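Listed below are the residues making up each chain.
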There are 2 protein chains.
Amino acid sequence: MISIRRFGESDWPCVWAFLRATFDAGDTCVFAPDSAEADIHRAWIESPSATYVATAEDGRILGSYYLRPNQPGLGSHVCNCTYVVAPPARGQGLATLMCEHSQLEAVAMGFRAMQFNLVVSTDDRALRLWQKLGFGVIGTLPRAFHHQRFGYVDAFVMYKELVTQV
Amino acid sequence: MISIRRFGESDWPCVWAFLRATFDAGDTCVFAPDSAEADIHRAWIESPSATYVATAEDGRILGSYYLRPNQPGLGSHVCNCTYVVAPPARGQGLATLMCEHSQLEAVAMGFRAMQFNLVVSTDDRALRLWQKLGFGVIGTLPRAFHHQRFGYVDAFVMYKELVTQV
């Protein structure tokens, strides 16, 4: 049984370990392989509206995501999330659980839509997953992601409205 | 004869006056009408890679823009700019001059593309201008801008590659 709760500062060493492992691959996430811990702490924990961790029954942390406004002011009703699943926990539906959780949280916080700014075009699994969860491809940004194996590759902007009434 | 130079801190009172006047309208720019001066100083001056002002021959400041990476890390080769023309100087080609200037500056700084994240769909003039200057509409974000007169309206993501060789 997996549960999702707010991040607490004592979770950081574990979260940082799998964030670093994920960013080191340089194939799915915008954060660079050589990112400094303080910069990622700021981006993942300090800047967002909220950060969450997914945990196993025994308390092990299996993944984490943050939620924040994607733009200031007159664009701040659209949120943005980034999800990372710890390598040993991949393939178990964690990203789906976190994404569904984030949509409920976002609506509870008053957000009206969710936007992913850079879905890497070579990351078929993520693309299919977000589409299955109701996100549409708004458009393709040519060579907007610097893939660490493939060089500059396209990235998709994806979007889902969470609240449709005015 | 209009020239464009780097912003200096003594320019701030003048720049802030026309930024505030522009944001107060709430129809073209993502910054909210009630934005605090310190927040806009951070967004316009402190956070970007560089900020510029366009000046008349007599030194009057006619407009300003900032240039920054649109994303961290593996997306940081794509830049983002926001341009504001002071109300009395509108209709004289200032936005075109600043946008052309920013593209040269961006290339000189090593950026490979420029992205506008939220071009308000009701702002026909901006849309036509960016298209004329070589930017394409990547896609349409449904109701992503909270227009102060029209409510939630669509916004375009626009993009131009500045460097095409690998």
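Residues numbered from 1 in each chain as written. Chains lettered and ligands numbered in written order. Predicted model: local features only at pLDDT ≥ 70, side-chain atom pairs only at ≥ 80, totals over all residues. Heavy atoms only, no water.

Q: Let's hear about the nonpolar core: which residues, and what values?
A: One finds L19 and W44 of chain A together with L19 and W44 of chain B to be the most contacted residues of the largest nonpolar core, which totals 64 residues. Those residues within four positions of L19 of chain B in sequence are excluded, and the remaining contacts are W12, I40, W44 and V84 of chain B. (Core = buried A, V, L, I, M, F, W, Y, C linked by side-chain atoms within 4.5 Å. Buried < 20%, exposed > 50% of the residue type's maximum accessible area, 1.4 Å probe, protein only. Contact = heavy atoms within 4.5 Å.)

Q: Can you explain the relation of the copies chain B and chain A? Please cite residues and give values.
A: If you rotate chain B by 180° and push it 0.0 Å along the axis, it lands on chain A with an RMSD of 0.0 Å. On the angle and the small slide along the axis, the relation comes out as a two-fold axis. Residue G139 of chain B, judged by its C-alpha, is the member of chain B lying nearest the rotation axis, at 2.3 Å. (Least-squares fit on C-alpha atoms with pLDDT ≥ 70 in both.)

Q: Provide a residue-level description of helix α3 (residues 94–108) of chain B, including the pertinent values.
A: Residue and element names in this part refer to chain B. Between its terminal C-alpha atoms α3 stretches 21 Å, which fits the 21 Å expected from 15 residues at 1.5 Å a residue. When α3 is considered as a whole, its buried residues turn out to be L94, A95, M98, C99, H101, S102, Q103 and A106. Positive phi shows up at G110, right after α3, with a value of about 100°. (Helix = DSSP H or I, 4+ residues; strand = E, 2+ residues; numbered from the N terminus. Expected span 1.5 Å × (residues − 1).)

Q: Any chance you could break down the pattern of salt bridges for me, citing the residues and the numbers?
A: The tally for this structure, following the rule as stated, stands at 10 salt bridges over all chains. For D58 of chain A, the salt bridge goes to R60 of chain A, with nearest N and O atoms at 2.9 Å. Comparing D58 of chain A with R60 of chain A, the two get one shared label, exposed. Here R5 of chain B and D11 of chain B are joined by a salt bridge, their closest N and O atoms 2.8 Å apart. By relative accessible area, R5 of chain B is classed as partly exposed at 35%. (Salt bridge = Lys/Arg side-chain N within 4 Å of Asp/Glu carboxyl O.)

Q: Any details on the pairing of strand β3 (residues 61–69) of chain B? Residues and values, ideally.
A: All names here are of chain B. Here β3 lies mainly inside the structure; 7 of its 9 residues are buried. Taken together, the 6 bridges between strand β2 (residues 50–55) and β3 define a ladder with antiparallel strand orientation. From the neighbouring strand, A50 faces β3, where its bridge partner is L67. In sequence, β2 turns back onto β3 through a hairpin of 5 residues, with G59 there showing a positive phi of about 95°. (Pairing = 2+ DSSP bridges.)

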